[in-house]
Amino acid sequence: MNLLDDEFTKLVDIGVWPERKYFSPNDWLENFTSEELPYAKRLLKSFIYFSDDMITQMFRSNFMAISKSIIPNSRKSNYGSADVEWHNFLDNCYIVKVTGEEPSDADSGYIFTRMARDILGIPENRLKTVSEAFQIILSGVNAHFVFVDDFVGSGNQFVDFWQGYFDTPHCFETLAEDTLCTFHYIPIICTEIGKLRIQHDCTKVNLIASHFIGKEHSALHNQSYIWKGFKAGGPEFVKNASIRAGIPQANGRVQDNGDGTKLVSWEGFHKLGLAIGFKHGTPDATLPIFYFNERGWKPLINRDSL
């Protein structure tokens with residue numbers, strides 16, 4: 001059973017879905033039995049795709065939102081004073097990408113450092129590595145550091161990044177205790193779980209995201225907006241179809257195979273069960289049922305890049 005072509009075209013035209021060559025809804029629906037199809041269609045229409053234009057606008061908005069914490073309330077009513085404060089921030093602002101314990105060229109942070117340069121006009125010499133950021137803090141200057149990435153799931157990666165797994169005696173957490181520097185983290189999407197973790201363990205960090213998402217965005221919860229007003233059994237459908245497809249049952253874990261591929265549990269990382277994708281790729285927290293491509297299963301999306 002296929003989606004109507006005009007329906008697909010409409011969703012592509014308004015940017016809800018990517019072009020057909022990157023996105024295969026009709027092929028994906030062929031994976032399901034007649035009993036599963038109503039659930040599959042419901043899940044498909046709930047998939048949220050973030051185009052490059054959307055990402056750019058959200059990134060710019062997040063960056064501009066830093067002004068709320070940078071400009072004192074006493075000066076916000078005076079345009080001249082507020083403008084001076086904001087340009088002082090811009091002149092002393094450094095962009096740092098968030099990386100895992102073993103940084104990779106595939107880390108999404110690289111996309112946002114380039115965006116800071118090309119969209120925000122941040123000079124190339126103020127796009128810094130972690131070690132360079134440490135040296136700036138240690139030099140005693142009053143700098144502002146903006147950490148960039150696309151998605152926060154459990155919050156574990158950023159907390160580890162902040163508390164330090166680098167081959168150095170320094171870490172942001174300890175350096176932040178004795179400096180006038182400010183620290184801002186501006187991911188595009190952040191889960192409520194990740195938000196709470198970061199706010200608890202990284203108290204010196206100003207966290208700003210375009211969207212904070214909770215259980216209502218998870219296809220594994222009956223109260224999700226995905227299944228609201230729909231017949232019962234949505235989460236069970238996701239589990240049964242995923243297991244039938246051969247997607248690993250790994251209790252919400254992700255295994256890095258060391259060759260650029262991963263094995264992701266059927267629930268998505270940390271059992272977040274999301275239905276989202278970016279133009280540049282898909283988070284581990286997104287349900288694998290959308291991109292799994294083994295054992296004859298037809299993927300909806302190419303996980304690495306849409």
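Basis of the calculations
- Residues numbered from 1 in each chain as written.
- Predicted model: local features only at pLDDT ≥ 70, side-chain atom pairs only at ≥ 80, totals over all residues.
- Heavy atoms only, no water.
- Helix = DSSP H or I, 4+ residues; strand = E, 2+ residues; numbered from the N terminus.
- Rg over C-alpha atoms; globule rule 2.2 N^0.38 Å.
- Buried < 20%, exposed > 50% of the residue type's maximum accessible area, 1.4 Å probe, protein only.
- Contact = heavy atoms within 4.5 Å.
- Areas by Shrake-Rupley, 256 points an atom, 1.4 Å probe, with all protein chains shown as cover.
- Axes fitted to C-alpha atoms, helices over the stretch in contact; angles between N-to-C directions.
- Parallel < 35°, antiparallel > 145°, perpendicular 65-115°, else oblique.
- Nonpolar A, V, L, I, M, F, W, Y, C, P; charged D, E, K, R; others polar.
- Pairing = 2+ DSSP bridges.
- Disulfide = S-S within 2.5 Å.
- Arc of directions from axis to C-beta.

### Side note on the overall build of the protein chain
- Broken down by element type, the protein chain carries 13 helices and 12 strands.
- Taken against the 2.2 N^0.38 rule, which gives 19 Å for 306 residues, the C-alpha radius of gyration of the protein chain at 21 Å falls within 12% of a compact globule.
- Overall, the protein chain is about 65 × 40 × 35 Å in size when its C-alpha atoms are taken along their principal axes.
- With 306 residues in all, the protein chain has 49% of them scored as buried.
- Taking the intrachain contacts of the protein chain between residues at least 6 apart in sequence as the baseline, contacts between residues at least 24 apart amount to 62%.
- Surface exposure of the protein chain reaches about 15,200 Å², of which carbon and sulfur atoms provide 48%.

### As for the packing of helix 3 (residues 37-45) against helix 13 (residues 234-245)
- Relative orientation of the contacting elements helix 3 and helix 13 amounts to 100 degrees, with a least axis distance of 10 Å. As judged from the angle between their axes, helix 3 and helix 13 are roughly perpendicular. Mapping the contact onto sequence places Tyr 39, Ala 40 and Leu 43 in helix 3 and Gly 234, Phe 237 and Val 238 in helix 13.
- In terms of residue class, the contact of helix 3 with helix 13 is built from 5 nonpolar, 1 polar and no charged.

### Topic: the sheet that holds strand 5 (residues 151-152)
- An order of 5-7-9 is seen for the 3 strands of this open sheet, with the pairing classed as parallel. At either end of the open sheet lies a strand with only one pairing partner, and these are strand 5 and strand 9 (211-213).
- Lying over the sheet, helix 12 (residues 192-201) contacts strand 5, strand 7 (189-191) and strand 9, oriented at roughly 80 degrees with respect to strand 7.

### Thoughts on the state of the cysteines
- Applying the stated criterion across every chain yields a total of 0 disulfides.
- Here Cys 181 is not cross-linked by a disulfide; its sulfur's nearest cysteine counterpart is in Cys 93, at 12 Å.

### A short note on helix 3
- Those residues of helix 3 lying buried are Leu 37, Tyr 39, Ala 40, Leu 43 and Leu 44. Mapping the buried residues of helix 3 onto a view down its axis gives an arc of 160 degrees, with all of them on the same face.
- Residues of helix 3 that are buried in the fold lie against helix 2 (25-29) and helix 13.

### Concerning the pairing of strand 4 (residues 144-148)
- Burial runs high along strand 4: 5 of the 5 residues are buried.
- A two-sided burial pattern is seen for strand 4, the buried positions comprising His 144, Val 146 and Val 148 on one face and Phe 145 and Phe 147 on the other.
- Note that strand 2 (residues 93-97) and strand 4 share 5 bridges and pair parallel. Bridge assignment links Lys 97 to a residue of strand 4, and that residue is Val 148.
- Where strand 4 and strand 6 (residues 182-185) come together, 4 bridges link them in parallel fashion. Residue Phe 147 lies in a different strand from strand 6, and its bridge partner there is Tyr 185.

By themselves these figures say nothing about function.
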